Amino acid sequence: MARNQSEHLEDAERAKRAGLSRRAFIAGAASTTMAAGIASMLGGCAPQSSEEGVDGATADASDLAPTPYGATYPWPAEPPQISDGDIEEELNVDVAVVGLGVSGVAAFRAASEAGASVAGFEKGSEPGVRSSQYAYLNGSLTERFNLGTFDLEEVIDHEWAECSSITNYAIVRKWAYHCAEAFDWWCAGDDELYIPEPGETISMMGDPDHPVAVMSMSDVTIDYKNENQAAYPENLAFTDHPHVVNANLQKGVDLGNTAYFGHFAEQLIMKDGRCTGVYVRNAETGKYKKVNATGGVILSCGDCGSNPEIMAHFFPHVVENGNGNPWPNMDVEGNRTNTGDAYKMGYWAGAAFSQYQAPMIHVMGGPGDTDAQDASMGLTAPLLRLNYHGERFQNEDVAATECEYAFEKQPQKKAFLVFDSHLDEQIPLFINTFASTLSEFDERVGDGTIFKGETLEELFSSIEGMDAEEAVKSVERYNELCANGVDEDFGKKAKYLLPVQDGPFYAQRMGLGLCLCTMGGLSSDEEAHVISTERDIIPGLYVSGNAQGDRFAVKYPFKLSGTSHSMAMYYGKVAGENAAAGK
């Protein structure tokens, strides 16, 4: 699960630390300090809401893009009109990459190394990076980090089944067999990256002697096949993910290519059904670059989590449930990135959308009251959980994703983790708990999320809105099940049937998970081609990262952690190589 957020360093310091050349860092980019002024100066050139036409006027429903089923998408039916007078520069390259996060940077480097001339465009002032976990299956680093060795066919079948068997099987299969070698390539892109010796341990906080390092996020001793909350032992991570991403970008720059920051891709250029380029708005000038790309355009511009209207269309349940959005990256105009740009540009180019899109939402144990990711963390042990009616409602031994769906059905979409004075001795029994000690809980009593009582009646009466009488009955029933060693109500394993009977008693208020990202977008194949509404490849148009559809469906498979980053990087590499080769 994604937990850490990259520190918000000053742009110049970040560039210096990452080793980016001045050319790569400032090429055409507006600085963050100019963002507020830029937004007001550009007026009609600033991003418009989906209810506005290209001239800023309010559009009626007839102006919105029609869906195949008679409704409308939340953007104009026609792309913005861009005249010759709006063009400040015309660029001729082999490959254009839209979006410079993990996937776009991988595409930028891969196309560059394939000998292509490449232009990359990012609307932020730096590459967009958040957490750092990557799935790693049966590669050169497996033994070094004491990871598991897997039957890849079983892993592929598990991943496919977890997504309701409706993703593109070929996408999952190709990734599983090649993700490790792609990760090795990604590591080789950072000359300062330290890979520990066998048995050497590096923590997420890093090592003073090796500030940029690979570390393992896995424990091969955990019985992951039988523990519902355990992931496969296949997870590697970076102690400084931004450094690795920037170093990989620099590899492409060193080959003579350019990354433009503060640039907003707004429309693809199509000719006879082929994508031949893209129009990109320079936020600093309000003018466009017309980018002609003979090999093609790669859309690696992220998801739609920061666009409420597109979210309401493709992820209505996320909007209805009120899952928070912790996405930290901003564009140079002061708005969050991940605004669904690929949806609009892809639609105007004739692309189909992935029909079963997946939000990444995990219950982390915290109250889920805000978008702050740190505040979403809490104890997630498989202990007794009650809702505001005082009722037990689930087998508590489920992964974070499945827990989300149970919480969504509860009053106020909240639950309470209930435990007693034996917590400290119980914690070693659990995995993936974000554990706290009783003394730490004592310090938080009264903060609105942690409650304590010497008796069960006192505990539940202190929770506003709780049916205290019913809650006491539920605890009594649960204790009977624990004593008998069989969960007749929900089927939880006997090892996790731990009674709540010795005071003082505690309750932790838990809420829905944050929507860490969305995974859907444009329908695609295992070569990162975009698929049209006629189910044909759109020549010259590629997609990778969270804009790439058909990788995940319905939910994110919790047990194969780090798959999102790994697939984003891998299919960025695939897209870059294929676009450079024109295939």
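Let us look at the structure shown here. What you see is a predicted model; the values in this text were computed from it and never measured.

**Quick word on the overall build of the chain**
Looking only at helices and strands, the chain features 16 helices and 19 strands. Split into buried and exposed, the 583 residues of the chain put 60% on the buried side.

**Observations concerning a negative patch on the surface**
On the surface, Asp424, Glu425, Glu440, Glu443 and Asp502 cluster together into a negatively charged patch. Elements supplying a minimum of two residues to the negative patch: helix H12 (423-426) and helix H13 (438-444). Tracing the backbone through its elements, the reader meets Glu440 in helix H13. The class of Glu440 is partly exposed, set by a relative accessible area of 39%.

**Regarding the packing of helix H5 (residues 152-162) against helix H6 (residues 169-188)**
Where H5 meets H6, the axes come as close as 10 Å, and the angle between the chain directions of the two elements is 140 degrees. In this view, H5 runs oblique relative to H6, as classed from their interaxial angle. The handedness of the crossing between H5 and H6 comes out as right-handed. Within the contact between the two elements, H5 uses Leu152, Glu153, Ile156, Asp157, Glu159 and Trp160 and H6 uses Tyr169, Val172, Arg173, Ala176 and Tyr177. Residue composition of the contact of H5 with H6, grouped by class: seven nonpolar, no polar and four charged.

**A short note on the pattern of salt bridges**
The final tally for this structure, using the stated rule, is 27 salt bridges. Put simply, Arg477 and Glu480 hold a salt bridge, and the shortest N to O gap is 3.8 Å. Here Arg477 and its partner Glu480 are both found in helix H15 (residues 468-484), three residues apart, which amounts to about one turn of the helix. In this structure Arg477 comes out as partly exposed when scored by relative accessible area, which is 31%.

**Some details on the pairing of strand E11 (residues 288-299)**
Counted residue by residue, E11 has ten buried out of twelve residues, so it is predominantly covered. In this sheet, E11 lies alongside strand E3 (residues 87-98) in parallel orientation, the contact comprising ten bridges. When the bridges of E11 are listed, Glu89 appears paired with Lys289. Direction of pairing for strand E10 (residues 274-282) relative to E11: antiparallel, over a ladder of five bridges. Within the sheet, the bridge partner assigned to Arg281 lies in E11 and is Tyr288. Here E11 pairs with strand E19 (residues 537-543) via three bridges, running parallel. The residue of E19 that forms the bridge with Val297 is Leu541.

**Description of the pairing of E10**
Counting buried residues along E10, seven of its nine residues qualify, which places the element largely inside the surrounding structure. Between strand E9 (residues 263-271) and E10, which pair antiparallel one after the other, the connecting turn spans two residues, and Asp272 there sits at a positive phi close to 55 degrees. Joining the antiparallel neighbours E10 and E11 is a turn of five residues, in which Gly286 adopts a positive phi near 80 degrees.

**Let's talk about the sheet that holds strand E6 (residues 214-216)**
Across a sheet, paired strands are connected by hydrogen bonds in the backbone, their directions being either parallel or antiparallel. Spatially, the three strands line up as an open sheet ordered E5-E7-E6, and their pairing is antiparallel. Lying at the two open borders of the sheet, with one neighbouring strand each, are strand E5 (133-135) and E6. On average, each strand axis in the sheet is inclined to that of its neighbour by 35 degrees, with strand direction left out of account. The pairing of E5 with strand E7 (residues 235-238) spans three bridges and is antiparallel. Bridge assignment links Gln133 to a residue of E7, and that residue is Ala237.

**As for the sheet that holds strand E13 (residues 385-386)**
Within the open sheet, the four strands sit side by side as E13-E14-E16-E15. Their pairing is antiparallel. The open sheet terminates on both sides in strands that have one partner only, identified here as E13 and strand E15 (450-453). For E15 and strand E16 (residues 505-510), the ladder comprises four bridges, and the chain directions are antiparallel. In the strand pairing of E16, Lys452 is matched with Tyr506.

**Concerning the nonpolar core**
Counting 74 residues, the largest nonpolar core has Leu137, Trp175, Phe183, Trp186, Phe238 and Met569 as its most contacted members. With eleven residues, the top contributor of residues to this core is H6. The residues contacting Trp175, other than those within four sequence positions of it, are Ala135, Leu137, Leu560, Thr563, Ser566, Met567, Tyr570 and Tyr571.

**Focus: a nonpolar patch on the surface**
Among the surface-exposed residues, Ile166, Tyr356 and Val554 lie close enough to one another that they form a single nonpolar patch of about 250 Å² accessible area. Note on placement: Val554 falls in the loop between E19 and helix H16 (563-581).

**Focus: the packing of aromatic side chains**
The tally for this structure, following the rule as stated, stands at 27 aromatic pairs. A ring pair is formed by Phe416 and Phe451, whose centres lie 6.1 Å apart and whose planes are at 65 degrees; its orientation type is edge-to-face. Taken together, the residues Phe416 in strand E14 (residues 415-419) and Phe451 in strand E15 connect sequence positions 35 residues apart. Take Phe416: its relative accessible area is 0%, and that puts it in the buried class. Relative to Tyr571, the ring of Tyr570 has its centre 4.8 Å away and its plane inclined at 70 degrees; by these criteria the two rings are edge-to-face. Three or more aromatic residues link up through ring pairs in this structure, and these residues are Tyr73, Trp75, Phe314, Tyr343, Tyr347 and Phe353. Seen from the ring of Phe264, Arg281 lies directly overhead, with NZ or CZ sitting 4.5 Å from the centre. In this arrangement the basic side chain of Lys573 is found over the ring face of Trp185, its NZ or CZ atom lying 5.2 Å from the centre.

**Observations regarding unusual backbone geometry**
With an omega of 0 degrees, the peptide bond between Gly503 and Pro504 qualifies as cis. Take Pro504: it is sitting in the loop between H15 and E16. At Asn338, a position not held by glycine, the phi torsion is positive, near 65 degrees. Along the polypeptide, Asn338 turns up in the loop between helix H9 (316-321) and helix H10 (341-348). For Asn338, a relative accessible area of 8% puts it in the buried group. The phi dihedral of Arg535 falls on the positive side, at around 65 degrees, and the residue is not glycine. Turning to its location among the elements, Arg535 is positioned in the loop between strand E18 (529-531) and E19. Judged by relative accessible area, which is 53%, Arg535 ranks as exposed.

**Remarks on empty space enclosed by the protein**
As enumerated under the stated definition, the model contains four cavities of 30 Å³ or more in all. The space that makes up the largest cavity amounts to roughly 640 Å³. What lines the largest cavity is a set of 41 residues, and nearest its centre among them are Val102, Gly128, Trp327, Asn338 and Asn546. For the lining of the largest cavity, the elements supplying multiple residues, two or more each, are helix H4 (102-113), strand E4 (118-122), E9, strand E12 (358-362) and H16. In terms of residue class, the lining of the largest cavity is built from 16 nonpolar, 20 polar and five charged. Here the second largest cavity defines a volume of roughly 80 Å³. Gln229, Val363, Thr380, Ala399 and Ala400 are the residues nearest the centre of the second largest cavity, which is lined by eleven residues in total. Within the lining of the second largest cavity, the residues separate by chemical class into seven nonpolar, three polar and one charged.

Here is what the cut-offs are and how they apply
Residues numbered from 1 in each chain as written. Predicted model: local features only at pLDDT ≥ 70, side-chain atom pairs only at ≥ 80, totals over all residues. Heavy atoms only, no water. Helix = DSSP H or I, 4+ residues; strand = E, 2+ residues; numbered from the N terminus. Buried < 20%, exposed > 50% of the residue type's maximum accessible area, 1.4 Å probe, protein only. Patch = residues over 30% accessible without salt bridge, like charges linked within 9 Å, V, L, I, M, F, W, Y side chains within 5 Å. Areas by Shrake-Rupley, 256 points an atom, 1.4 Å probe, with all protein chains shown as cover. Salt bridge = Lys/Arg side-chain N within 4 Å of Asp/Glu carboxyl O. Lys, Arg positive; Asp, Glu negative; His and termini not counted. Charge placed at Lys NZ, Arg CZ, Asp CG, Glu CD. Axes fitted to C-alpha atoms, helices over the stretch in contact; angles between N-to-C directions. Parallel < 35°, antiparallel > 145°, perpendicular 65-115°, else oblique. Left-handed = near helix turned anticlockwise from the far one by under 90°. Contact = heavy atoms within 4.5 Å. Nonpolar A, V, L, I, M, F, W, Y, C, P; charged D, E, K, R; others polar. Pairing = 2+ DSSP bridges. Core = buried A, V, L, I, M, F, W, Y, C linked by side-chain atoms within 4.5 Å. Phe/Tyr/Trp six-rings, centres within 6.5 Å; stacked < 30°, edge-to-face > 60°. Lys NZ or Arg CZ within 6 Å of the ring centre and 35° of its normal. 1 Å grid on protein atoms, 1.4 Å probe; cavity = no way out; pocket = protein on both sides within 12 Å on 5 of 7 lines; lining within 4 Å. Points joined across faces, edges and corners; volume = space filled by probe spheres on them.

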